[in-house]
Amino acid sequence: MKQNMSKTIKKENYFPAILKKQAKKIKPQLIIPYEYLFSNPKGVAAFNRLTESKSYWLSSDSALIIKQNKNYLANLLKDYTIVEFGGFDGSSLNDVFKSGQRFRYINIDIGKGILSMMKNNFSKLSNVKYSLIKKSFADISFIKKIKSTRPKALLFLGNTFGNFYPKEGDQWLKKTYQLMDPGDLLIIDFDRRVSSDKHLKCYSVKECALMLILAFEDYGMPVENLHSTFVMDKDGIHGGVTVLKDFTLDHKKFKSGDFIEVMISLKSSPVDMTKRMSRAGFKTIKQLQSDKKHMIQLIAKK
């Protein structure tokens, strides 16, 4: 981690965020690791508040898919060891867990304070045997070491998979397929592409903007020279900061107007995602959605 150079974060440096749309693919001056979004406890807390926002449909509609298909998912997942990537407190599947059947749940998350939040969430769900593996899901070689007498169901909910760049995502799918055992499931949510204005509005909430500026504070950038920014291009939403005032960090110069990125959220279609899954070897067996129809959930099998 870089040495922290920033001053106290001021609201005018992150909210309201700068919102931009462009047809061409954006070229950031620098891309910092995605993990910085969750390296600060305040960022984790902001995300937890974000999941309660009705405007941020990546969480609300993902949760609605689970809620409206809870019986199907409960009957499916009871026979699997559930491995969720980026599950935070584990509450995304509470509607499924409340079916009363017995479940085995493993959360893959590197956020701070996650185990404490999981203990709180599962305190009233005695039918769930849960555990935490503090690993980044960018490299999932460790799933081969997960011991289970059941097949595994790997879950990527809330468009988390969309945080991979296209080439990285395709590589991840292929590697995941190779590491999985026959009969294992991969369940992926993705954000269906709509208009640029609608996507930008989804990210325009205060908590989204705060997470961005906190990430750059943890990275060690002078946040008083930055402003939280979301850009919609041909691939999807890019989250980062716009440089307001020139500065130098680690001998690299940043000029006013530069865009520095920390996350991407790809937008896709059911046809495109099914093709990507198929190229990796998966067979899609089910497609779920809520009556809001923002998010799509694909269930695929090896």
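Residues numbered from 1 in each chain as written. Predicted model: local features only at pLDDT ≥ 70, side-chain atom pairs only at ≥ 80, totals over all residues. Heavy atoms only, no water.

Let us now look at the overall build of the chain. Counting its secondary structure elements, the chain contains nine helices and 14 strands. The C-alpha atoms of the chain give a radius of gyration of 19 Å, which matches the 19 Å a tight globule of 302 residues would have. With respect to the three principal axes, the spread of C-alpha positions in the chain is 55 × 40 × 35 Å. Counting only residues that meet the buried cut, the chain has 53% of its 302 residues in that class. Within the chain, residue pairs in contact and separated by at least 24 positions form 74% of the contacts whose partners lie at least 6 positions apart. Counting every atom, the chain has about 14,200 Å² of accessible surface; 50% of that belongs to carbon and sulfur. Positive and negative side-chain charges in the chain, numbering 52 and 29 respectively, have mean positions lying 3 Å apart. (Helix = DSSP H or I, 4+ residues; strand = E, 2+ residues; numbered from the N terminus. Rg over C-alpha atoms; globule rule 2.2 N^0.38 Å. Buried < 20%, exposed > 50% of the residue type's maximum accessible area, 1.4 Å probe, protein only. Contact = heavy atoms within 4.5 Å. Areas by Shrake-Rupley, 256 points an atom, 1.4 Å probe, with all protein chains shown as cover. Lys, Arg positive; Asp, Glu negative; His and termini not counted. Charge placed at Lys NZ, Arg CZ, Asp CG, Glu CD.)

The next subject is unusual backbone geometry. Here Phe15 and Pro16 are connected by a cis peptide whose omega angle stands at 0°. The residue Phe88 is not glycine, and still its phi comes out positive at about 50°. You will see that His251, though not glycine, has its phi angle at about 70°, which is positive. Structurally, His251 is set in the loop between strand 10 (247-249) and strand 11 (252-254).

This next bit is on the packing of aromatic side chains. Evaluated as defined, the whole model comprises 22 aromatic pairs. Here Tyr36 and Tyr219 contribute two aromatic rings whose centre-to-centre distance is 5.2 Å and whose plane-to-plane angle is 80°, an arrangement assigned as edge-to-face. Here the residue Tyr36 occupies a position in the loop between strand 2 (30-31) and helix 1 (41-50), and Tyr219 occupies one in helix 8 (residues 206-219), the gap between them amounting to 183 residues. Tyr219 carries the same exposure label as Tyr36, and that label is buried. Grouped by ring-pair contacts, the aromatic residues Phe85, Phe156, Phe161, Phe164 and Trp172 constitute a single cluster. In this structure, Lys286 is placed above the aromatic ring of Tyr72, and the distance from its NZ or CZ to the ring centre is 5.1 Å. Lying across the ring of Tyr177, Lys302 places its NZ or CZ 4.8 Å from the centre. (Phe/Tyr/Trp six-rings, centres within 6.5 Å; stacked < 30°, edge-to-face > 60°. Lys NZ or Arg CZ within 6 Å of the ring centre and 35° of its normal.)

Right, let's talk about the nonpolar core for a bit. Counting residues in each nonpolar core, the largest one holds 68 residues, and the members touching the most others are Leu93, Phe97, Tyr203, Met221, Leu226, Phe230 and Ile260. It is helix 8 that provides the largest number of residues to this core, a total of 10 residues. Phe85, Ile108, Ile143 and Phe190 belong to the second largest nonpolar core, which has 27 residues in total. (Core = buried A, V, L, I, M, F, W, Y, C linked by side-chain atoms within 4.5 Å.)

Quick look at the packing of helix 6 (residues 166-179) against helix 9 (residues 270-280) now. Helix-helix packing: each pair is described by the crossing angle between the helix axes and the interaxial distance. Direction vectors running N to C along helix 6 and helix 9 enclose 45°, while the axes themselves pass 8 Å from each other. Looking at the two axes, helix 6 sits oblique to helix 9. For the pair helix 6 and helix 9, the sense of crossing is right-handed. Listed contacts from helix 9 to Pro166, Gly169, Asp170, Leu173, Lys174 and Tyr177 of helix 6 are Arg276, Met277, Arg279 and Ala280. (Axes fitted to C-alpha atoms, helices over the stretch in contact; angles between N-to-C directions. Parallel < 35°, antiparallel > 145°, perpendicular 65-115°, else oblique. Left-handed = near helix turned anticlockwise from the far one by under 90°.)

Taken N-terminus to C-terminus, the directions of helix 1 and helix 8 make an angle of 165°; their axes are 9 Å apart at the nearest point. The angle between the axes of helix 1 and helix 8 places the two elements in the roughly antiparallel class. As helix 1 packs across helix 8, the resulting crossing turns out to be left-handed. Packed against helix 1, whose contacting residues are Lys42, Gly43, Ala46, Phe47, Arg49 and Leu50, the element helix 8 presents Glu207, Cys208, Leu210, Met211 and Leu214 at the interface.

Right, let's talk about the side chain of Ser53 for a bit. Within the fold, Ser53 resides in the loop between helix 1 and helix 2 (57-68). What Ser53 contacts, discounting residues up to four positions off in sequence, is Ser60 and Val205.

Considering all chains together, one arrives at 11 salt bridges under this definition. Of the charged contacts, one joins Lys234 and Asp235 as a salt bridge, the two residues approaching to 3.5 Å between their closest N and O atoms. When its relative accessible area of 12% is taken as the criterion, Asp235 is described as buried. Taken together, the shared-partner salt bridges connect Lys144, Lys152, Asp181 and Asp184 into one network. (Salt bridge = Lys/Arg side-chain N within 4 Å of Asp/Glu carboxyl O.)

Further remarks concern helix 8. With 14 residues, helix 8 should cover 20 Å at 1.5 Å per step; its first-to-last C-alpha distance of 20 Å lies within 8% of that length. Most of helix 8 sits out of view: 13 of its 14 residues are buried. Downstream of helix 8 by one or two residues, Gly220 has phi in the positive range, about 105°. (Expected span 1.5 Å × (residues − 1).)

For the rest of this paragraph, the subject is the side chain of Asn94. Assignment of secondary structure puts Asn94 in helix 4 (residues 94-97). On the accessibility criterion, Asn94 (15% relative accessible area) is buried. Setting aside its immediate chain neighbours within four residues, Asn94 contacts Asn121 and Leu125.

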